[in-house]
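Topology and contacts: notes
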Amino acid sequence: MKMKVSLWKVLSIAVALVLGYAVNSDAFRVNVDEDTWADCTIRGQLSYKNLDKRSDDDDYHRNYFELTEAEFYVKGQINPLVQFFTQWECVYKPLKLSGEKYEGDEKYKKDRAFMKETGMNFLFAPEFKLRFGRIRIPVSRYHQRSDYGKIIQTDYFYRYDVHEVFKKALPAALKVDKTALNIREPGAVFFGDLFEGMLRYHLGLFNQPNNDNGYEGLRYTARLAFTPTMLGFKPESSLKGTRKDSYLGKKDILTIGAGYSREEIWNDLDNEMYAVDAFFEKKYGSIVPDLGVGYIKAEETHRIDGKAQDSEFWFVQGQLLYDKVVGFGKPAIGAKFERMQSDKAYLNKDARSDRLSVALNYYIKGYSALISLCLDNVRYKDGAEDYLETNKKEDSVTDYSLFFQFKF
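Within each chain, residues carry numbers counting from 1 in the order of the written sequence. Per-residue local features are limited, in this predicted model, to residues with pLDDT of at least 70; the limit for side-chain atom pairs, both in listing and counting, is 80 or more; totals at the level of whole chains, interfaces and linings are taken over all residues. Side-chain descriptors were evaluated using all non-hydrogen atoms of the structure, hydrogens and water having been removed beforehand.

Broken down by element type, the chain carries four helices and 17 strands. Only protein chains enter the accessibility calculation, which uses a 1.4 Å probe; a residue whose area is less than 20% of its type maximum is buried, one above 50% is exposed, and one in between is partly exposed. Here the chain holds 408 residues, and the buried ones make up 49% of them. It only takes one pair of heavy atoms within 4.5 Å for two residues to be counted as in contact. Taking the intrachain contacts of the chain between residues at least 6 apart in sequence as the baseline, contacts between residues at least 24 apart amount to 61%. Working definition of accessibility: Shrake-Rupley area with a 1.4 Å probe, residue cover restricted to the visible protein chains. Of the roughly 19,500 Å² of accessible surface on the chain, a fraction of 60% belongs to carbon and sulfur atoms. The helix and strand labels rest on DSSP assignments: H or I over at least four residues marks a helix, E over at least two residues marks a strand, and numbering proceeds from the N terminus.

Moving on: the side chain of Asp277. Turning to its location among the elements, Asp277 is positioned in strand 11 (residues 269-281). Polar contacts, as counted here, are pairs of nitrogen or oxygen atoms within 3.5 Å of one another; within protein the pair requires one atom able to donate a hydrogen and one able to accept it, and residues that are adjacent in sequence qualify only if both atoms are side-chain atoms. A distance of 3.2 Å separates the side chain of Asp277 from the backbone nitrogen of Arg141, its partner in a polar contact. There is a polar contact of 2.9 Å between the side chain of Asp277 and the side chain of Arg223. Setting aside anything within four residues of it in sequence, one finds Asp277 in contact with Ser140, Arg141, Arg223, Thr255, Ile256, Gly257, Val293 and Gly294.

By the secondary structure assignment, Ile296 is in strand 12 (residues 287-304). Setting aside chain neighbours within four positions, we find Ile296 in contact with Ser140, Tyr142, His143, Leu181, Met273, Tyr274, Ala275, Ser311, Glu312 and Phe313.

Among buried residues, the Ala, Val, Leu, Ile, Met, Phe, Trp, Tyr and Cys ones that are joined through side-chain atoms within 4.5 Å form a nonpolar core. By size, the foremost hydrophobic cluster in this structure holds 41 residues, and its most contacted members are Tyr142, Val165, Phe166, Leu170, Leu181, Phe313 and Tyr380. Looking at this core, the elements with two or more residues in it are helix 3 (165-169), strand 7 (184-194), strand 11, strand 12, strand 13 (307-322), strand 14 (330-346), strand 16 (369-382) and helix 4 (383-390). Excluding its chain neighbours within four sequence positions, the residues that come into contact with Phe313 are Tyr142, Phe157, Leu181, Gly294, Tyr295, Ile296, Glu338, Arg339 and Met340. Core analysis: the second largest hydrophobic core is formed by 14 residues, Tyr73, Tyr363, Tyr367 and Phe403 among them.

Detailed conclusions should not be drawn from predicted coordinates in areas where pLDDT is low. Chain-level statistics for the chain give a pLDDT mean of 88 and a share of 89% at 70 or above. The pLDDT value tells you how sure the predictor is about a given residue, anywhere from 0 up to 100. The low-confidence segment residues 1-25 (pLDDT under 50) makes 13 contacts with residues lying over four places distant or belonging to another chain.

Our focus in this paragraph is the packing of aromatic side chains. Centre distance within 6.5 Å is the pairing criterion for rings of Phe, Tyr and Trp, where only the six-membered ring of Trp is used; planes under 30 degrees apart are then read as stacked, over 60 as edge-to-face, and the remainder as tilted. This structure, assessed with the given rule, holds 13 aromatic pairs. A network of ring pairs unites the aromatic residues Phe122, Phe124, Phe128 and Phe190 as a single cluster. When the ring centre of Tyr160 is taken as origin, the NZ or CZ atom of Arg355, which lies over that ring, is 4.6 Å away. Put simply, a charge is over a ring when the Lys NZ or the Arg CZ is close to the ring centre, within 6 Å, and near the line of the ring normal, within 35 degrees.

Close approach of charged atoms allows side chains of opposite charge to pair. Every case where a carboxyl oxygen of Asp or Glu lies within 4 Å of a side-chain nitrogen of Lys or Arg is listed as a salt bridge. Evaluation of the coordinates by the stated rule reveals 36 salt bridges. Between Glu236 and Arg141 there is a salt bridge; the shortest N-O distance is 2.6 Å. Linking Glu236 in the loop between strand 9 (218-226) and strand 10 (253-265) with Arg141 in helix 2 (residues 141-144), this pair joins segments that are 95 residues apart in sequence. Overall, Arg141 belongs to the buried group, its relative accessible area being 9%.

Empty space among the atoms can be located by rolling a probe the size of a water molecule over them. Using only the protein atoms, space was sampled on a 1 Å grid; points where a 1.4 Å probe fits but cannot get out form cavities, open sets with protein on both sides within 12 Å along at least five of seven lines form pockets, and lining residues are those with an atom within 4 Å of a point. Grid points are joined across faces, edges and corners, and a volume is the space filled by probe spheres set on the points. For the coordinates displayed, the defined rule picks out five cavities of 30 Å³ or more. The computed volume of the largest cavity comes to approximately 130 Å³. Lining the largest cavity are 16 residues, with Arg200, Ala225, Glu236, Arg243 and Thr255 sitting closest to its centre. The set of elements that each furnish at least two residues to the lining of the largest cavity consists of helix 2, strand 8 (199-207) and strand 9. In terms of residue class, the lining of the largest cavity is built from five nonpolar, five polar and six charged. Here the nonpolar group is Ala, Val, Leu, Ile, Met, Phe, Trp, Tyr, Cys and Pro; Asp, Glu, Lys and Arg are the charged ones; every other residue, Gly included, is treated as polar.

Along the chain, Gly232 turns up in the loop between strand 9 and strand 10. What makes Gly232 partly exposed here is its relative accessible area of 41%. Measuring from C-alpha to C-alpha, the distance between Gly232 and Leu254 comes to 9.5 Å, with 22 residues separating the pair along the chain.

Right, let's talk about a nonpolar patch on the surface for a bit. A cluster of nonpolar residues, Tyr284, Ile287, Leu320, Tyr322, Val326, Ile333, Leu360 and Leu373, forms a patch on the protein surface that exposes about 710 Å² of accessible area. Locating Ile287 in the fold gives a position in strand 12. When its relative accessible area of 34% is taken as the criterion, Ile287 is described as partly exposed. Like charges within 9 Å and nonpolar side chains (Val, Leu, Ile, Met, Phe, Trp, Tyr) within 5 Å are joined into patches, using only residues over 30% in relative accessible area that form no salt bridge.

Before going further, it helps to spend a moment on unusual backbone geometry. Look at Ala173: it is not a glycine, yet its phi comes out positive at around 50°. On the secondary structure map, Ala173 appears in the loop between helix 3 and strand 7. Look at Ala173 and you get partly exposed, because its relative accessible area is 27%. Within the chain, Asn348 stands out as a residue other than glycine whose phi angle is a positive 65°. Its location among the elements puts Asn348 in the loop between strand 14 and strand 15 (349-365).

A separate point is the side chain of Asn121. Among the structural elements, Asn121 can be located in strand 5 (residues 112-125). Reaching out from Asn121, the side chain makes a polar contact with the side chain of Arg131 at a distance of 3.0 Å. Of the polar contacts made by the side chain of Asn121, one reaches the backbone oxygen of Leu239; its length is 2.7 Å. In contact with Asn121, not counting residues within four places along its chain, are Leu81, Val82, Gln83, Phe85, Leu130, Arg131 and Leu239.

By the secondary structure assignment, Arg184 is in strand 7. The sequence separation of Arg184 and Gln144 amounts to 40 residues, and the corresponding C-alpha distance is 9.2 Å. With near-sequence residues (within four places) excluded, Arg184 lies in contact with Lys116, Glu117, Arg134, Ile135, Arg136, Ile137 and Asp147. A polar atom in the side chain of Arg184 sits 3.0 Å from the side chain of Asp147.

Written out as structure tokens, the structure is:
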């Protein structure tokens with residue numbers, strides 16, 4: 001009897017998978033009934049990199065292929081009240097962006113899989129919802145960015161601090177990737193839409209693992225986003241709470257947001273962040289321009305001579321898409337400029353880095369099949385430049401990358 005029940009379960013799952021795929025050919029969907037479903041997605045990204053000279057000890061270019069990302073995630077609904085999502089990534093990184101191997105880093109000694117995000121949504125009402133899990137910290141648009149909906153495939157600042165100046169290299173031990181620009185943490189967020197999506201609010205509580213007392217206390221966050229729906233613009237939403245760099249002309253978007261966060265970090269610093277940002281995209285015939293800007297002021301990120309100092313980060317980016325098939329896909333050109341600055345971080349001088357990125361994107365089927373040719377120039381300035389000169393490292397590097405991405 002037990003074997004028969006087990007067999008029926010297996011057959012039921014197999015039938016559900018087949019029917020789910022037949023119902024929705026654009027995604028691997030499992031439909032249990034009208035209210036219960038799950039979308040299963042796999043994503044991969046392969047890149048070819050030409051890395052510029054990094055230091056006097058490494059005077060040649062690095063040319064290599066890299067499996068940038070391989071992910072599997074599922075999102076779905078148990079019933080009209082409860083939704084869920086989970087995202088896992090397999091890491092394979094033979095070289096750091098500095099050009100060095102990961103031999104001394106326990107985290108990357110072996111290929112591994114890890115959970116990036118997992119959470120649940122409780123949809124009590126359009127105006128009152130709850131998201132719980134290891135989720136996005138809703139402070140700014142930067143923190144909400146989509147992993148696969150990017151116009152610059154080399155990703156954002158904290159992964160392209162080539163010499164890890166703002167991560168750990170400087171004596172000030174800035175660690176901005178773990179504090180100001182950390183995008184995920186276990187926590188809970190209350191959120192909702194007011195006035196049919198014209199306003200969306202987020203109120204969150206998260207762990208604060210960066211203080212001297214471990215996980216003592218909670219990090220407070222808040223964000224408010226405005227969309228002028230009366231002008232025909234559509235509010236942004238996703239089951240996981242992420243936002244794309246471009247919606248590729250599928251809907252007109254105008255979002256203006258502001259956020260706040262407070263976290264206690266090491267050396268009794270009260271790391272408070274203030275963020276403002278805006279995103280615009282509108283289709284004009286066969287042309288789809290978009291523009292995004294953002295600014296984050298992070299107070300008390302480090303101490304110099306016993307006095308608390310601040311950091312700031314801002315960016316501007318955009319893309320111009322030709323929404324007609326040319327050959328096999330739709331061409332676009334994207335660009336981004338971003339700046340990170342930390343006060344008096346090296347020998348009483350501000351540490352600063354500027355990064356300019358340009359990408360030629362070719363969307364064969366949106367983000368599901370994409371080819372991207374990227375150029376990145378990173379230039380360290382002021383105190384950061386002095387630090388790199390002392391350590392015989394290049395303060396300006398220019399890399400080229402070619403990306404292939406699929407999502408199914």
